[in-house]
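Observations on the model geometry
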Amino acid sequence: MAPKNQRWWLTTDQVELDIDADASVLYAMVSDLPRIGEWSPECRGVDWEGAVGTPVAGTTFVGHNAVGPGRRIRYSRHGCVLVAEPGREFTFVTDEGGRPSTVWRYTFAPAGGGTRVTESYEVRWIPVWARILDVPTNRHRELLANMRTTLENLKTAAESAEGSAGQSEAGARNEAPS
C-alpha cells in the first residue's frame, strides 16, 4: 500500500523551508492568526473568539478561506489552538460539521543560521462528500502548493523584516554623534 501522503485521499503531508530568521520571530508571525492571510493563498483571515493577546492551548477562532478557481468558493471554519510553544511549535485543529477535522502544525527547528519551518496537515475526519470532491480537484496537490506558497511568503516577510531591523541597527551604530 502507498504511504499515507501518496494516497489519492487526504491524510497527511508536510512542506518545509529554511528561513533566515529567528524561530521566535517566525513563531510570533505564524501564531498571530489574524495575519495568516498575509502569507496564505487560501486563508483570507482569522478572527479570535474573545479578547486574545497571545494565543495559548484552548484559544478558539474562526478562519475564513477562499479556494477554487478565482477563489470563488468561500467558507469559514471554527478552530482551536492545540499547542502554543513559542519558538518551537504552533498547532491548531479546524472543525467540519462540529467535529475535529484537520490539524495544522508549524514547527521551528534550528537550520544553519536560521530556522527550518515545517508546515503540515493531518486529516482526522472529513465528510464523505468532501472526500469525493477531493479526488477530481486534487485537493492534496493544492494543499501542498498552498503550503509552499505560505512558507515562501512567510520567508519573504520575515527576512525583509529581519534585514530591515539589522540595517537600522547598523545605521544607528555608524552615525556620528550630534
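Higher on the page you've got the structure.
This text gives an overview of the structure that appears in the document. (Residues numbered from 1 in each chain as written. Predicted model: local features only at pLDDT ≥ 70, side-chain atom pairs only at ≥ 80, totals over all residues. Heavy atoms only, no water.)

**Points about the overall build of the protein**
Stated formally: By the criteria applied, helices consist of DSSP H or I runs no shorter than four residues and strands consist of E runs no shorter than two, each listed in order from the N terminus. Here the term buried applies to any residue with accessible area under 20% of the maximum for its type, exposed to any over 50%, and partly exposed to those in between, with areas from a 1.4 Å probe on protein chains only. Contacts are residue-level and defined by heavy atoms, with any inter-residue pair within 4.5 Å sufficient. The protein chains shown are the only cover counted for residues, whose accessible areas, like all others here, come from Shrake-Rupley with a 1.4 Å probe.
Of the regular secondary structure elements, the protein holds 3 helices and 7 strands. N-terminal to C-terminal, the α/β element order of the protein is β-α-β-β-β-β-β-β-α-α. Residues counted as buried form 39% of the 178 residues belonging to the protein. Long-range contacts, defined here as pairs at least 24 residues apart, represent 50% of the contacts in the protein between residues at least 6 apart. Roughly 9900 Å² of accessible area belongs to the protein as shown, and the carbon and sulfur atoms make up 53% of that amount.

**Observations concerning the pattern of salt bridges**
For clarity, the threshold we go by: Here a salt bridge means any side-chain nitrogen of Lys or Arg lying within 4 Å of a carboxyl oxygen belonging to Asp or Glu.
Under the definition given, this model contains 8 salt bridges. Salt-bridge contacts for E96 lead to R77; the nearest nitrogen and oxygen are separated by 2.5 Å. Of this pair, E96 sits in strand β5 (residues 89-96) while R77 sits in strand β4 (residues 73-85), placing them 19 residues apart in sequence. You can call E96 buried: its relative accessible area is 12%. The exposure class assigned to R77 is partly exposed, which follows from its relative accessible area of 22%. Salt bridges linked by common partners bring E16, D18 and R116 together as one network.

**Details of the packing of aromatic side chains**
Rules: Two rings from Phe, Tyr or Trp (for Trp, the six-membered ring) form a pair when their centres are within 6.5 Å of each other. A pair whose planes differ by under 30 degrees is stacked, one over 60 is edge-to-face, and the rest are tilted.
Tallied over the entire structure, the rule returns 6 aromatic pairs. Centroid distance F61 to F92: 5.4 Å. Interplanar angle 85 degrees. Geometry classified as edge-to-face. Of this pair, F61 sits in strand β3 (residues 60-67) while F92 is found in strand β5, placing the two residues 31 residues apart along the sequence. For F92, a relative accessible area of 10% corresponds to the buried category. Considering the side-chain rings of F90 and F92, the 6.1 Å spacing of their centres and the 55 degrees angle between planes classify their relative orientation as tilted. The pair F90 / F92 is uniform in exposure class, with both members buried. Aromatic ring contacts, followed pair by pair, group Y27, W48, F61, F90, F92 and F108 into a single cluster.

**Re the nonpolar core**
A general feature of soluble globular proteins is that nonpolar side chains tend to end up buried together. Where we set the bar: By nonpolar core is meant a set of buried Ala, Val, Leu, Ile, Met, Phe, Trp, Tyr and Cys residues that side-chain atoms within 4.5 Å join together.
Counting residues in each nonpolar core, the largest one holds 31 residues, and the members touching the most others are L26, Y106, F108, V117 and L154. Listed by contribution, the elements that provide at least two residues to this core are β1 (12-19), α1 (23-31), β2 (43-48), β5, β6 (99-111), β7 (114-123) and α3 (139-174). Considering every element that reaches this core, the biggest residue donor is α3, with 6 residues. Residues contacting L154, with those up to four places away along its chain left out, are I19, L26, M29, V30, W39 and V117.

**Quick look at the side chain of S101**
By the secondary structure assignment, S101 is in strand β6. Assessed through its relative accessible area of 4%, S101 is described here as buried. Beyond its immediate stretch of four places on either side in the chain, S101 contacts V93, T94, D95, E96, E122, V123, R124, W125 and I126.

**Digging into the sheet that holds β1**
What counts, and what does not: Two strands pair under a simple rule: DSSP has to find at least two bridges between them. Lines fitted to C-alpha atoms define the axes here, with helix axes fitted over just the stretch in contact, and angles between the N-to-C directions of these axes take values from 0 to 180 degrees.
The strand order β1-β7-β6-β5-β4-β3-β2 describes an open sheet built from 7 strands, whose pairing is antiparallel. With one partner strand each, in any of the chains shown, β1 and β2 form the two edges of the open sheet. Neighbour-to-neighbour, the strand axes of this sheet turn through a mean angle of 25 degrees, independent of strand direction. As paired strands, β1 and β7 are joined by 8 bridges and run antiparallel to one another. Note that in β7 the partner of T12 across the bridge is E122.

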